[in-house]
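For reference, the chains in residue letters:
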Amino acid sequence: MKRDLYEVGTMPPLGHVPERMYASVIRPDRFGPPTQAFRTEVVDVPQVPRGQVLVLVMAAGINFNNVWAALGRPVDVIAMRGKQSGGEGFHIGGSDGSGIVWAVGESVNSVAVGDHVIMSACHWDESAEDIRLGADPMTSSTQRVWGYEDNFGSFAQFTLVAEYQCIPKPPSLSWEESAAFLLTAATAYRQLTGWPPNTVQPADPVLIWGGAGGLGSMAIQLAGLLGGIPVAVVSSEEKAEYCRKLGALTIDRTEFDHWGRPPEASDTERFDAWLAGVRAFGRRYWEVLGSRRAPRVVLEHPGQDTLPTSLYLCDSAGMVVICGATSGFQADVDLRFLWMRQKRLQGSHFANVRQCRAVVHLAAAGRLDPCLSMVETFDRIGDVHQLLYENRQPPGNMAVLVGAPEPGLTAA
Ligand code: NAP
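Residues numbered from 1 in each chain as written. Predicted model: local features only at pLDDT ≥ 70, side-chain atom pairs only at ≥ 80, totals over all residues. Heavy atoms only, no water.

Brief notes about the sheet that holds strand β16 (residues 344-347)
Part 1 of the reasoning: Spatial strand order, β13-β12-β11-β14-β15-β16: six strands in an open sheet with parallel pairing. Each of the sheet's edge strands pairs with one partner strand only, and the pair in question is β13 (249-252) and β16. Across the sheet, the mean angle from the axis of one strand to that of its neighbour is 20°, orientation sign disregarded.
Part 2 of the reasoning: Summarising the sheet, strand β12 (residues 229-234) and β13 pair through four bridges and their orientation is parallel. Bridge pairing links Ala232 to Thr250 in β13.
Part 3 of the reasoning: Lying on the sheet, helix α6 (residues 182-193) is in contact with β11 (205-208), β14 (297-300) and β15 (319-322); it crosses β14 at an angle near 150°. (Pairing = 2+ DSSP bridges. Helix = DSSP H or I, 4+ residues; strand = E, 2+ residues; numbered from the N terminus. Axes fitted to C-alpha atoms, helices over the stretch in contact; angles between N-to-C directions. Contact = heavy atoms within 4.5 Å.)

Given below as C-alpha cells:
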C-alpha cells in the first residue's frame, strides 16, 4: 500500500514519491555543537525541478562541511540562502551519498528511475556564461556545494541533485562504501593532479597533513598510485599505523609545538624560536623520507596551524595546495619564501565531473580503498559529526545508513 511517509530503512514502491520524509535537520535556533544542532524531523519531499533528479538515499557520507553548518559559522548557510532566494529556514546537509533514482525532472536524459548512483558534491548552471566560455565548472560563479551551500542534501530519505551529479554506482561496493569516499577522494585527486605543472610525478615526495583523515587516507593512496612518495602527518601512533598500511611514511605532529600563526618577524627572539620548531619538523621529514628532498606537493587543509610550515618545507617551484581550514582560516604567508623560492600557493575546491569519475573508476577497479571506518544509523548523524568536531573520529571515512536496512548490501 502506498503511504505518505515511510520509516527510515524501508522503501516505497519504486518510483512512488511520498509527500513527506524523515530528515536530519539543522535550524538556526539550534546552531552549536553537532549533537545540539542536528535533529530528526519530518519535512515535505521537495518538488523535482527541470534538469534535476530525486534520489532515494540508501547511505550518506559524513564530511566536515556540515560541522560548519551545525555551528552556523563561519557562514550561516540558512541565512545565506534566505538572502539569495528566500530559502526554507532550515538546512538538510549531506554532500556525499549513494542511492536509487526515484523521479526525474523535465529534460533529464542521462539517468532513469531505478538507476543505482553515487552523488557528487557540486553543481552549477550549465548555461552560465563562464562555463560556455570554457571555464572548469568548479570555477564557475554559479558553482555550489550540494548539501552545504544548497539544501536537500543526503541526510534525508530523498535528496535533490542535478543529473550530472549522478555517477553509476560500482556494483562491487556496498551502499555505505559508495557513500563514504567520493567527496574526499575527488578533492584529493584534484589537489594532486589538477594543477599542472605541479602534478605528482613518479618519485615526488608528497607531504599530506591529517593522513588518517578522510582526505588524507584518499591522498596517500592516490599519491602512491601516481608513483609519488606519500609522507603523512598524524597525531597518534594508532593513526600512524593506519597510514603505514595505506603505504605512507609518517610523522607524529604532537612531538612539535610551533603550530599556529608565527610571531612577528620583528620580535626576533620569539620568531627565531618558532623557526627552530619549523626546522626541527623539517629535519624529521628528511629523516623519515631518508633523503634531503623537499616535498614537491604539500596537501594542505588544517590551514592556520600548519600553512606556514607547509610553505617553508615545500620545494622550490613546488606547490602547497589547500582545500580547507580546519584549524582556522587566517594563516600567515612569509612572502620571502614564496617569491625567492618561486613556490606556488594554490586554492583547490572539490572536483569536476571528470575528476569524480576518475576516482569512482579507481574504487570500482579495487585500486582505491574507500577506507570506510564507521557505519552508523540515521539517528546518529549529529553524534558522528560531533566526533569530527572533536577530532575523535576513527581513521578514514564515515557513513550512515538511510534507506539501506543493514550494512554490506550492494543492491536494493
Ligand atoms: P577529517 O577526516 O576530520 O581529517 C582531518 C585531519 O586533520 C584529522 O584526522 C587530523 O589528523 C588533522 N588535523 C585536525 N586538526 C589539525 C591541526 N590543528 N593541525 C594539523 N592537523 C590537524 O577531515 P577531512 O574530511 O579530511 O577534511 C579535512 C578538511 O578539509 C576539513 O576542513 C574539510 O572541510 C576540508 N575539505 C574541503 C573540501 C573542499 O572541497 N574544499 C573537501 C574535503 C574536505 P591528526 O590529528 O592525526 O593530525
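Okay, back to it.
A closer look at the packing of aromatic side chains
Part 1 of the reasoning: A full pass over the atoms with the stated rule returns eleven aromatic pairs.
Part 2 of the reasoning: Centre to centre, the rings of Trp209 and Trp259 are 5.7 Å apart; their planes meet at 90°, and the pair counts as edge-to-face. Of this pair, Trp209 sits in the loop between β11 and α7 (214-225) while Trp259 sits in the loop between β13 and α9 (268-289), and the two are 50 residues apart along the sequence.
Part 3 of the reasoning: Residue classification places Trp209 among the buried positions, given a relative accessible area of 1%.
Part 4 of the reasoning: The partly exposed category is assigned to Trp259, whose relative accessible area is 21%.
Part 5 of the reasoning: Look at Phe256 and Phe281: their rings are 5.3 Å apart centre to centre, the planes differ by 80°, and that puts the pair in the edge-to-face class. A residue pair is termed long-range when its members are at least 10 positions apart, and Phe256 in the loop between β13 and α9 and Phe281 in helix α9 qualify at 25 residues.
Part 6 of the reasoning: The exposure class assigned to Phe281 is buried, which follows from its relative accessible area of 0%.
Part 7 of the reasoning: Linked through ring pairs, Trp209, Phe256, Trp259 and Phe281 together constitute an aromatic cluster.
Part 8 of the reasoning: Above the ring of Trp175, the side-chain terminus of Lys169 is found at 5.0 Å from the ring centroid.
Part 9 of the reasoning: The lysine or arginine in question, Arg336, covers the ring of Phe337, its NZ or CZ lying 5.6 Å from the ring centre. (Phe/Tyr/Trp six-rings, centres within 6.5 Å; stacked < 30°, edge-to-face > 60°. Buried < 20%, exposed > 50% of the residue type's maximum accessible area, 1.4 Å probe, protein only. Lys NZ or Arg CZ within 6 Å of the ring centre and 35° of its normal.)

Some thoughts on the sheet that holds strand β2 (residues 38-44)
Part 1 of the reasoning: Pairing in this open sheet of three strands is antiparallel, and the strands run β2-β1-β4 from one edge to the other. Looking along the sheet, the strands with just one partner apiece sit at the ends: β2 and β4 (91-92).
Part 2 of the reasoning: As paired elements, strand β1 (residues 20-26) and β4 share two bridges and run antiparallel to each other. When the bridges of β4 are listed, Ile26 appears paired with His91.

Some points on the pairing of β16
Part 1 of the reasoning: Here β15 pairs with β16 via four bridges, running parallel. Paired with Val320 across the strands is Leu345, a residue of β16.
Part 2 of the reasoning: Taken together, β15, helix α11 (residues 335-340) and β16 form a β-α-β motif whose crossover is right-handed. (Right-handed = clockwise from strand over helix to strand, strands pointing away.)

Description of empty space enclosed by the protein
Part 1 of the reasoning: Enumeration according to the criterion identifies one cavity of 30 Å³ or more in this entry.
Part 2 of the reasoning: When its volume is computed, the largest cavity comes out at roughly 60 Å³.
Part 3 of the reasoning: In this structure, the largest cavity is lined by Tyr6, Thr10, Pro12, Pro18, Leu56, Val57, Gln157, Phe158 and Gly403. (1 Å grid on protein atoms, 1.4 Å probe; cavity = no way out; pocket = protein on both sides within 12 Å on 5 of 7 lines; lining within 4 Å. Points joined across faces, edges and corners; volume = space filled by probe spheres on them.)

Description of the nonpolar core
Part 1 of the reasoning: Core analysis: the largest hydrophobic core is formed by 97 residues, its most contacted members being Ile92, Phe181, Leu192 and Phe350.
Part 2 of the reasoning: Residues from two domains meet in this core; each of domain 1 (20-181 + 370-401) and domain 2 (185-347) gives at least three.
Part 3 of the reasoning: In contact with Leu192, other than residues within four places in its own chain, are Asn198, Thr199, Val200, Val206, Ala219, Leu222, Ala223, Leu226, Val297 and Leu299. (Core = buried A, V, L, I, M, F, W, Y, C linked by side-chain atoms within 4.5 Å. Domains from an automatic or database assignment.)

Quick notes on the packing of α6 against α7
Part 1 of the reasoning: Following both chains from N to C, one finds α6 and α7 inclined at 50°, their axes separated by 8 Å at the closest point. Regarding the angle of α6 to α7, the classification is oblique. In terms of crossing hand, the pair formed by α6 and α7 is right-handed. Along its contact with α6, which presents Thr184, Ala185, Thr187, Ala188, Tyr189, Gln191 and Leu192, the element α7 presents Gly214, Leu215, Met218, Ala219, Leu222 and Ala223.
Part 2 of the reasoning: Per-class residue counts for the contact of α6 with α7 are nine nonpolar, four polar and no charged. (Parallel < 35°, antiparallel > 145°, perpendicular 65-115°, else oblique. Left-handed = near helix turned anticlockwise from the far one by under 90°. Nonpolar A, V, L, I, M, F, W, Y, C, P; charged D, E, K, R; others polar.)

Considerations on helix α8 (residues 237-246)
An α-helical segment advances 3.6 residues per turn. Residues three or four places apart therefore align on the same side.
Part 1 of the reasoning: Of all the positions in α8, only Lys239, Ala240 and Cys243 are classed as buried. The arc that holds the buried residues of α8, viewed along the axis, is 105°, so those residues lie on one side. Those residues of α8 that are exposed and aimed more than 90 degrees away from the buried face are Glu238 and Lys245.
Part 2 of the reasoning: In this structure, the buried side of α8 is in contact with α7, β12 and β13. (Arc of directions from axis to C-beta.)

Structural notes on the side chain of Gln304
Part 1 of the reasoning: Structurally, Gln304 is set in the loop between β14 and α10 (307-313).
Part 2 of the reasoning: Owing to a relative accessible area of 19%, Gln304 belongs among the buried residues under this scheme.
Part 3 of the reasoning: Apart from the residues within four sequence positions on either side, Gln304 is in contact with Gly260, Arg261, Ser327, Gly328, Phe329, Gln330 and Ala331.

Details of the site of the ligand
Part 1 of the reasoning: Near the ligand lie 24 residues; those nearest to it are Ser235, Arg253, Thr326, Phe350 and Gln393.
Part 2 of the reasoning: A distance of 2.9 Å is found between an oxygen atom of the ligand and a backbone nitrogen or oxygen belonging to Leu215.
Part 3 of the reasoning: The side chain of Thr326 places a nitrogen or oxygen atom 2.8 Å from an oxygen atom of the ligand.
Part 4 of the reasoning: Isolated, the ligand exposes 910 Å² of accessible area, and the fraction of that covered by the protein chains is 91%.
Part 5 of the reasoning: Put simply, the parts of the chain that give the shell around the ligand at least two residues each are α6 and α7.
Part 6 of the reasoning: For the shell around the ligand, the element with the highest residue contribution is α6, accounting for three residues.
Part 7 of the reasoning: Here the residues of the shell around the ligand sort into eight nonpolar, 13 polar and three charged.
Part 8 of the reasoning: In terms of domain composition, the shell around the ligand takes at least three residues from each of domain 1 (20-181 + 370-401) and domain 2 (185-347). (Near = heavy atom within 4 Å. Polar contact = N/O pair within 3.5 Å; in protein donor to acceptor, adjacent residues only side chain to side chain. Areas by Shrake-Rupley, 256 points an atom, 1.4 Å probe, with all protein chains shown as cover.)

Worth remembering: the numbers are spatial, not functional.
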